[in-house]
Structures are given as C-alpha cells and as structure tokens.
Amino acid sequence: MDRFDVTIIGGGPVGLFGAALASLHGMKTKLIESLPLLGGQLYTLYPEKYVYDVAGFPKILAKDLAEQLIDQALRYHPTVCTNQTVENLEMLDDGAYRVHTSSEVHETRTIIITSGLGSFIPRKLPPPSAERYIDRGIYYFVPAMSHFQGQRVVVVGGGDSALDWALAIAEAASQVTLVHRRGDFRGQQETVRQLQEHPRVSIRTFSECIDFQGSTRLESVVLVDHRDKTTHVLVADAVVAALGFLPDLGALKNWGLDLEGSSITVDGPMRTNRPGIYAAGDVVAYEGKEKLIATGFGEIGNALGHIRGYLDPKKRGGLPHSSNIKIESP
Ligand code: NAP
C-alpha cells in the first residue's frame, strides 16, 4: 500500500491550504474529503457571500476564494480523494496509521484533521410531532424545486439558508410563509427586502411552530405569535426547516482523541493527544481559539512545521521560507 507522509482530512479552506503547503515542502500528501466537491463551507454554505477577512484579499466571493485555494493546492499535485467519509483508524506497529474510509484504506505517517464543523447535521424542529412528518411534508434537506410546484410551503428560520430557500421555493410554490422566531434576521437584508416585496411570500416574525398536523402527510402547522401568545393554524403541504447545523465529529469521535465538546484539543504545534495526529481550523479547541479562516491558515502552518521535524528529525525547526524554494511547476 502506498504510504503518505501527511494525510489531511477535510477539504475546506484550511485543509486545502495545508495540502498546498505540505506538497510545496516536499511531503507526500493526501487530502480526503467526504463531499464530492472541495471548498468546504465556502462552496456548500455561502458561495455567493463576500469574505473580507482573508489576508491579501480585501473582498472576495467565497466561491472565488475556494477556487483560488483549490488551484493553489492542486498546483503541487497532492493526491485528492473526494466522496469518502473517514471511519476507522488503525495504528500500525511502526507508529504509522491506516485510515479506513467509506470506500478505501489509506496509509500515512501523520494525519491532520481539518474537518471544520464536520458532518452537516441539521438542527431539528423542537415539537415532537415534527418527527412523524419527516420526508412526508417536513424537510431538513431541500428536494428539487419542482417538488414544491403549486404547494403551500412554510420555511422556518431567519438565517441566510431560510431566506435563500424561501426565495427559491417561491418561484415554484403557490404560497410561501417564512416563519422566524425573532424580529431581526441573521441573513442578508437585501434578501429580506426581496422576500417582503415578493407577491407569493408572507413573513411571520416573532412566531414559532408548536405543532404539526395531518393524517398520513403533513397538512397544517400550528404557530404561536410570541407577542400576544395567540395561536394560528396554517394549511401547509410542506415545511422546510433551515435552523442551522450542529457540529458533529462523526467517526472521529471514536479515534481516542481528547475532546472538548465537539472540538479536538490541541497544543501549540497543533498536536492532539495521539502521536502523529494533528488538527487545525474550526475543529480545534485551545485557549483563545478564534474560528476564522485566517487563524486556521496559521494553525496548519504550525502543524506542518512540526510534522516536518516529526517525519525527519534532521528537519526540525519549522518550514523554510517558500521564497527560498525552487519551484519546478509554475
Ligand atoms: P444560521 O445562520 O445558524 O440560522 C439559523 C436560523 O434558525 C436562525 O435564524 C435561528 O434563529 C433559527 N433557529 C435556530 N433554532 C431554532 C429553533 N429551535 N426554532 C426556531 N428557529 C430556530 O444557519 P444558516 O442559515 O443555515 O446559515 C449558516 C451559515 O451559512 C451562516 O454563516 C450563513 O450566513 C451561511 N449561509 C450563507 C448563504 C449565502 O451567503 N447566500 C446561504 C446559506 C448559508 P435566531 O436568529 O433567533 O437564532
């Protein structure tokens, strides 16, 4: 089996930059991502949003930043495996690891976990009756827009997901009601404005779903208005719940790593408690941790500087400046 120096788990911005840095510095590098696409949240959650806090880019669309990071990572030819979810970890007699994924086994001397928020587990609607109608009228993962053709749809939430879905579904549905528990929206004000002006959208703020009703499929939703405590029954064919996502480490929970909630505890060089396993980016916990792309980039640099010496004790002392490296490919 081909053995790699570094295997990076998670193809978001920090994992991509790690793949670029590791392969630039001559480490035999592999990147494993569970989704079919690289880019992490930049692509999956907010591709059309501007990011203003990445060094060197005063303002850049998230999807453009993802593309630049992918371009930078692939330039030095790491091995990239998408569509593979990591499962079991096996430590070999010489201290290297075998990482078993949903479709392959990989061998590596070191691992860096950059899985960000991890698997995207949707936050659930609180009323117990919601469970009965999952995929029979209640959706946490939105089906094709044609599914909502002519339907009366309730979209729940006040973040960008809820606002974007409400606007998109309104193109197919006969009526969309956006239900949000507060008066202010977290999502972009421009989208709120578009929804307010849309002829088939009505917005109910300060309101929450307290019950779901129907015989075999969802037929209606009971709402409470927190301002006057009145309840209202809305006839509805579908509810799209966009309440955000909960961080989840998935199978990494069983790797014997020290955890703080759903984050992995690391030290200065980003080492976990297991030898040769490091972590960086939103998945880590240490005192003063800031969950920013900028800090993730620094953390993966620290991890790789340490890994270089771990792989070859003659190379202790961190990563050399890239301006001193002779790059063969452009
Ligand atoms: P989010 O920003 O966390 O919003 C979740 C929404 O659900 C909040 O409005 C929250 O209400 C509400 N909520 C949570 N629990 C609830 C409950 N039990 N009952 C009723 N309401 C509840 O999640 P998101 O919209 O999925 O966005 C996640 C991230 O991706 C954000 O950073 C977002 O900006 C980004 N994103 C961007 C785009 C884009 O740029 N177009 C698209 C999608 C997502 P409160 O506001 O009261 O807490």
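Our subject is the structure listed above.
Residues numbered from 1 in each chain as written. Predicted model: local features only at pLDDT ≥ 70, side-chain atom pairs only at ≥ 80, totals over all residues. Heavy atoms only, no water.

A.B. asks: Account for the overall build of the protein, naming residues and giving values.
C.D. replies: Across its full length, the protein holds six helices and 22 strands. Along the longest, intermediate and shortest principal axes, the C-alpha atoms of the protein span 70 × 40 × 35 Å. Split into buried and exposed, the 330 residues of the protein put 47% on the buried side. Of the contacts made within the protein by residues no fewer than 6 positions apart, 56% connect residues no fewer than 24 positions apart. (Helix = DSSP H or I, 4+ residues; strand = E, 2+ residues; numbered from the N terminus. Buried < 20%, exposed > 50% of the residue type's maximum accessible area, 1.4 Å probe, protein only. Contact = heavy atoms within 4.5 Å.)

A.B. asks: Any chance you could break down the site of the ligand for me, citing the residues and the numbers?
C.D. replies: What surrounds the ligand is a group of 21 residues, the closest being K49, D160, S161, R182 and R186. Here G159 contributes a backbone N or O atom positioned 3.3 Å from an oxygen atom of the ligand. At 2.6 Å from an oxygen atom of the ligand is found a side-chain nitrogen or oxygen belonging to D160. In the complex, the protein chains occlude 82% of the 910 Å² of accessible area that the ligand would expose alone. The pocket occupied by the ligand, as judged from atoms lying within 2 Å of grid points, is the largest pocket. Take the shell around the ligand: its biggest share by element is three residues, from helix α4 (residues 160-169). Within the shell around the ligand, the residues separate by chemical class into six nonpolar, seven polar and eight charged. (Near = heavy atom within 4 Å. Polar contact = N/O pair within 3.5 Å; in protein donor to acceptor, adjacent residues only side chain to side chain. Areas by Shrake-Rupley, 256 points an atom, 1.4 Å probe, with all protein chains shown as cover. 1 Å grid on protein atoms, 1.4 Å probe; cavity = no way out; pocket = protein on both sides within 12 Å on 5 of 7 lines; lining within 4 Å. Sits in = over half its atoms within 2 Å of the grid points. Nonpolar A, V, L, I, M, F, W, Y, C, P; charged D, E, K, R; others polar.)

A.B. asks: Go over the packing of aromatic side chains with me, naming the residues and quoting the values.
C.D. replies: For any pair of aromatic rings, the description rests on two quantities: the centre-to-centre distance and the angle between the ring planes. Summed over the entire model, instances satisfying the criterion amount to three aromatic pairs. With 6.3 Å between their ring centres and 45° between their planes, Y50 and Y52 make a pair best called tilted. Residue classification places Y50 among the partly exposed residues on the basis of a relative accessible area of 42%. Seen from their ring centres, Y139 and F148 are 6.2 Å apart, and the 85° between their planes marks the pair as edge-to-face. F148 matches Y139 in its accessibility class, with the two residues each being buried. The ring of F4 has K28 lying over it, and the distance from NZ or CZ to the ring centre is 4.8 Å. (Phe/Tyr/Trp six-rings, centres within 6.5 Å; stacked < 30°, edge-to-face > 60°. Lys NZ or Arg CZ within 6 Å of the ring centre and 35° of its normal.)

A.B. asks: I'd love a proper account of the sheet that holds strand β10 (residues 138-139), names of residues and values included.
C.D. replies: Judged by pairing direction, the sheet is parallel, and its five strands sit side by side in the order β10-β17-β11-β12-β13 without closing on themselves. With one partner strand each, in any of the chains shown, β10 and β13 (201-204) form the two edges of the open sheet. In this sheet, strand β17 (residues 238-241) lies alongside β10 in parallel orientation, the contact comprising two bridges. Looking at β17, one finds that I138 is bridged to V239. (Pairing = 2+ DSSP bridges.)

A.B. asks: Can you break down the side chain of T7 residue by residue, with the values?
C.D. replies: Mapped onto the elements of the fold, T7 is located in strand β1 (residues 3-9). Apart from the residues within four sequence positions on either side, T7 is in contact with K30, I32, T108, T110, I111 and I112.

A.B. asks: Give a description of the environment of E287 that names residues and reports values.
C.D. replies: Mapped onto the fold, E287 is located in the loop between β22 (284-285) and α6 (293-311). With a relative accessible area of 81%, E287 lands in the exposed category. As a C-alpha pair, E287 and T265 span 22 residues in sequence and 9.7 Å in three-dimensional space.

A.B. asks: Tell me about the nonpolar core, residues and numbers included.
C.D. replies: In terms of nonpolar packing, the biggest core is built from 53 residues, with I111, I112, I113, W255 and L304 touching the most fellow members. Among the elements that take part in this core, helix α1 (residues 13-24) stands out by supplying eight residues, more than any other. Setting aside its immediate chain neighbours within four residues, W255 contacts I9, V86, E87, N88, L89, V99, I111, I113 and R274. Core analysis: the next-biggest nonpolar cluster, separate from the first, contains 20 residues, V153, V155, I169 and A170 among them. (Core = buried A, V, L, I, M, F, W, Y, C linked by side-chain atoms within 4.5 Å.)

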